[in-house]
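Structural description and commentary
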Amino acid sequence: MSRIVIVMINWIHAVLKRTDYKEDENIRVADTLKGFETDDSGLSFDLSYFRAKKEIDLTGEMKYILQMEPQDRSDEQVQTLMYGLQNLPTFNEYPLSIQEKLSRVAFYYSVPAGRLIIRQGHTGINFYIIISGKALVNVMKEDRESGETRSSIVARLGQGQPFGEIALLHQVTRTASIVSQTPMQLLAIGRDDFHDIFMRAQPGRRPAHIEFLLSCEFMRHFPEEQLLKQPNACLLTFYRRNAIVVPDSKASEYIVVVKSGSCKVLKRLEVNDTDEPTVVKERSDFQIKLNIGRNEPKVNTGLRKTAASGSEKQQAQTPNQQLFDVSVSKKRLALNSALGNNSRVVEVTRQQTAPDFDAIAKKQQEPVEQVKKSVAVQISTLKPGDVFGLSNVVFKGEKNLEIEESASVSLISNGSECLLFQKTFFVQHANELLKKHVKELARPYPEEGVFENNYYRQMAWDRYRRGLFSSTLSEITIRKNDS
């Protein structure tokens, strides 16, 4: 309404200033618009006014609510925060029940540029979600050679990205330092509130995630009383989409159970850039000459020969030293299609000098250095109730070569609630029935070479399928053109 009033005022001023005004005179409204984009058509349309608003601006009311004590916030104020933060990534991926709890206890935190928010090695106090601004993740590492401690930037964080949850979930010190690169607005949740939301149950009741864990098949013979005595052995946390739950399955300290949502199991492979396996073949001079030397060019008639003539047998027994370059041109392909049979017309050109077969054989025996590339292959998708990491559990006094030789995989979230169950606690209280049951349920992943061979096989099948489709489509097109 204010924009319309301003337009009308500018238009009235423009009319009053014109002394030679006439009723039939056309005055374009676009001429009176100041600060608006116009074109020759006389229409006014400001594209920037309709662009998606990516940055979240907290209103004064929202900031006021976030600065109140949690017990003083009414249900209406909590709902206001929930609606106002729906455009904030990470927050809007949580279930509504968790969003309501976060809106009840979260508080507003503003920091200028260059401020140290958390320090590596310190005890975790808060969990943060970035509302606006950017931050740098610094990690201090000791150089083994010089013994000096060096700081390096390992990541950059932006709007909607969380940080600080690792120390609260795993009860460890901060694993990195976070420094604000620009002025930032943060949504902060205290340590006790974080534990109440994600890891504790209501008074007088067993935690819901403990109930879910005990209902899983692999926990059938696990002593329930041991888990109830130490509920912190199992943690419940939410992982947003594409968040890494377990980077290395063989180095993970937890058995992961998907409670809601889904996760994907990925395997990182170092493969040849050509998507073909490295094969080294050794062939003799005679085999090379036999494969590429012929007295006459071979013409594919499309019919299988039942018997070879005497001259052809003699030609096969006496390899020629000349090398022929047989090529099929597009014109010949068109002519073949026009003939309407399976015959093929080829064009043959003879090289003037015989090739150096010794050099060719030597080249065949030399391994070719392949350029490597990293690819991520999805192995499976885990749904609610599925377990990850159980196949890598080694019980006391046992040694499993199959587990040691198995490949390491990673677990990535598609937006899920996961239970993190400590492997050491599981192994410590495992009885014989449980050990036998686990060995029947879980099998280790295959070796690294199996994944690579399967990858190359799949790539070869994809190339064959695309080539067959392309050649079939080309043949159909040629026949349509001829008809």
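Heads up: the structure comes first, above all this text.
Please read all numbers here as calculations on a predicted model, not as lab measurements.

Attention shifts here to the overall build of the protein chain. Each helix and strand counted, the protein chain has 16 helices and 15 strands in total. Per-residue burial for the protein chain yields a buried fraction of 33% across its 483 residues. Of all intrachain contacts in the protein chain linking residues separated by at least 6 positions in sequence, the fraction that spans at least 24 positions is 79%.

Before going further, it helps to spend a moment on the packing of helix H3 (residues 75–84) against helix H4 (residues 96–105). In contact at an axis separation of 9 Å, H3 and H4 are set at 110° when each is read in the N-to-C sense. Regarding the angle of H3 to H4, the classification is roughly perpendicular. Considering the relative orientation of H3 and H4, their crossing is right-handed. Contacts between H3 and H4 involve Asp75, Val78, Leu81 and Met82 on the former and, on the latter, Leu96, Gln99, Glu100, Ser103 and Arg104. Its residues assigned to classes, the contact of H3 with H4 comprises four nonpolar, two polar and three charged.

All right, on to the packing of aromatic side chains then. Under the defined criterion, the tally for this structure stands at 12 aromatic pairs. Between Phe421 and Phe425, the aromatic rings sit 6.1 Å apart at their centres with planes inclined by 65°, giving edge-to-face as the arrangement. On the accessibility criterion, Phe425 (3% relative accessible area) is buried. Each ring, one from Phe421 and one from Phe426, has its centre 5.9 Å from the other, and the planes form 75°; the classification is edge-to-face.

What follows covers the sheet that holds strand S4 (residues 135–142). In a beta sheet, neighbouring strands are held together by backbone hydrogen bonds and run either parallel or antiparallel to one another. One open sheet accounts for four strands, arranged S2-S7-S4-S5; its pairing is antiparallel. The sheet is open, and its two edges are formed by strand S2 (116–118) and strand S5 (149–157), each paired on a single side. Mean inter-strand twist for the sheet, computed between neighbouring axes without regard to direction, equals 35°. Inspection of the sheet shows S4 paired to S5 by eight bridges, in the antiparallel sense. By the bridge assignment for S5, Asn138 is matched with Ile153.

Okay, the sheet that holds strand S8 (residues 184–190) next. A sheet is described by the order of its strands in space; here four strands give the open sequence S1-S8-S3-S6, paired in antiparallel fashion. Two strands close off the open sheet at either side, each with one partner strand: strand S1 (107–111) and strand S6 (162–163). Across six bridges, strand S3 (residues 126–132) lies against S8 in antiparallel orientation. In the strand pairing of S8, Asn126 is matched with Gly190. Each of S3 and S8 is contacted by helix H6 (residues 191–198), which is oriented at about 65° to S8, the strand it contacts most.

To continue, consider the layout of surface pockets. In this structure, the largest pocket encloses a volume near 1,200 Å³. Around the largest pocket, the lining is made up of 40 residues, and of these Glu165, Ile166, Thr175, Tyr239 and Ile244 lie nearest the centre. Breaking the lining of the largest pocket down by element, the ones donating at least two residues are S4, S5, S6, helix H5 (165–170), H6, strand S9 (234–246) and strand S10 (254–272). Looking at which element gives the most residues to the lining of the largest pocket, the answer is S9, with eight residues. Split by residue class, the lining of the largest pocket holds 29 nonpolar, seven polar and four charged. Counting only domains with at least three residues in the lining of the largest pocket, you end up with domain 1 (7–18 + 54–197) and domain 2 (201–275 + 373–446).

Each α-helix winds once per 3.6 residues, and so residues spaced three or four apart point in a common direction. Its 35 residues place the ends of helix H16 (residues 448–482) 51 Å apart at the C-alpha level, agreeing with the 51 Å of an ideal helix rising 1.5 Å per residue. Along H16, the residues classified as buried are Phe451, Tyr455, Tyr456, Met459 and Asp462.

Further remarks concern the pattern of salt bridges. Within the structure shown, the criterion is met by eight salt bridges. Glu402 is the partner of Arg443 in a salt bridge, and the nearest nitrogen-oxygen pair spans 3.2 Å. A residue pair is termed long-range when its members are at least 10 positions apart, and Arg443 in the loop between helix H15 (432–441) and H16 and Glu402 in helix H13 (residues 401–405) qualify at 41 residues. By relative accessible area, Arg443 is classed as exposed at 58%. Here Glu402 falls in the partly exposed class, since its relative accessible area comes to 36%.

Now for the side chain of Ser406. Along the chain, Ser406 falls in the loop between H13 and strand S15 (410–422). Looking at Ser406, its side chain comes within polar contact range of the main-chain oxygen of Ile403, at 2.6 Å. Not counting chain neighbours up to four residues away, the residues in contact with Ser406 comprise Lys250, Asn392, Pro444, Tyr445 and Pro446.

On the surface, a cluster of nonpolar side chains totalling about 680 Å² of accessible area is made up of Met1, Ile4, Met8, Trp11, Ile12 and Leu16. Along the chain, Met8 falls in helix H1 (residues 2–17). On the basis of relative accessible area, Met8 is assigned to the partly exposed category, the value being 43%.

Bringing H15 into the picture now. Buried within H15 are the following residues: Leu434, Lys435, His437 and Val438. Considered in projection along H15, the buried side chains sweep an arc of 165° and stay on one side of the axis. Opposite the buried face of H15, at more than 90 degrees from it, the exposed residues are Glu432, Leu433, Lys436 and Glu440. Against the buried residues of H15 lie helix H14 (423–428). Here H15 starts with a cap whose side-chain oxygen sits 3.4 Å from the backbone nitrogen of Leu433, and that cap is Asn431.

The rules behind these values
Residues numbered from 1 in each chain as written. Predicted model: local features only at pLDDT ≥ 70, side-chain atom pairs only at ≥ 80, totals over all residues. Heavy atoms only, no water. Helix = DSSP H or I, 4+ residues; strand = E, 2+ residues; numbered from the N terminus. Buried < 20%, exposed > 50% of the residue type's maximum accessible area, 1.4 Å probe, protein only. Contact = heavy atoms within 4.5 Å. Axes fitted to C-alpha atoms, helices over the stretch in contact; angles between N-to-C directions. Parallel < 35°, antiparallel > 145°, perpendicular 65-115°, else oblique. Left-handed = near helix turned anticlockwise from the far one by under 90°. Nonpolar A, V, L, I, M, F, W, Y, C, P; charged D, E, K, R; others polar. Phe/Tyr/Trp six-rings, centres within 6.5 Å; stacked < 30°, edge-to-face > 60°. Pairing = 2+ DSSP bridges. 1 Å grid on protein atoms, 1.4 Å probe; cavity = no way out; pocket = protein on both sides within 12 Å on 5 of 7 lines; lining within 4 Å. Points joined across faces, edges and corners; volume = space filled by probe spheres on them. Domains from an automatic or database assignment. Expected span 1.5 Å × (residues − 1). Salt bridge = Lys/Arg side-chain N within 4 Å of Asp/Glu carboxyl O. Polar contact = N/O pair within 3.5 Å; in protein donor to acceptor, adjacent residues only side chain to side chain. Patch = residues over 30% accessible without salt bridge, like charges linked within 9 Å, V, L, I, M, F, W, Y side chains within 5 Å. Areas by Shrake-Rupley, 256 points an atom, 1.4 Å probe, with all protein chains shown as cover. Arc of directions from axis to C-beta.

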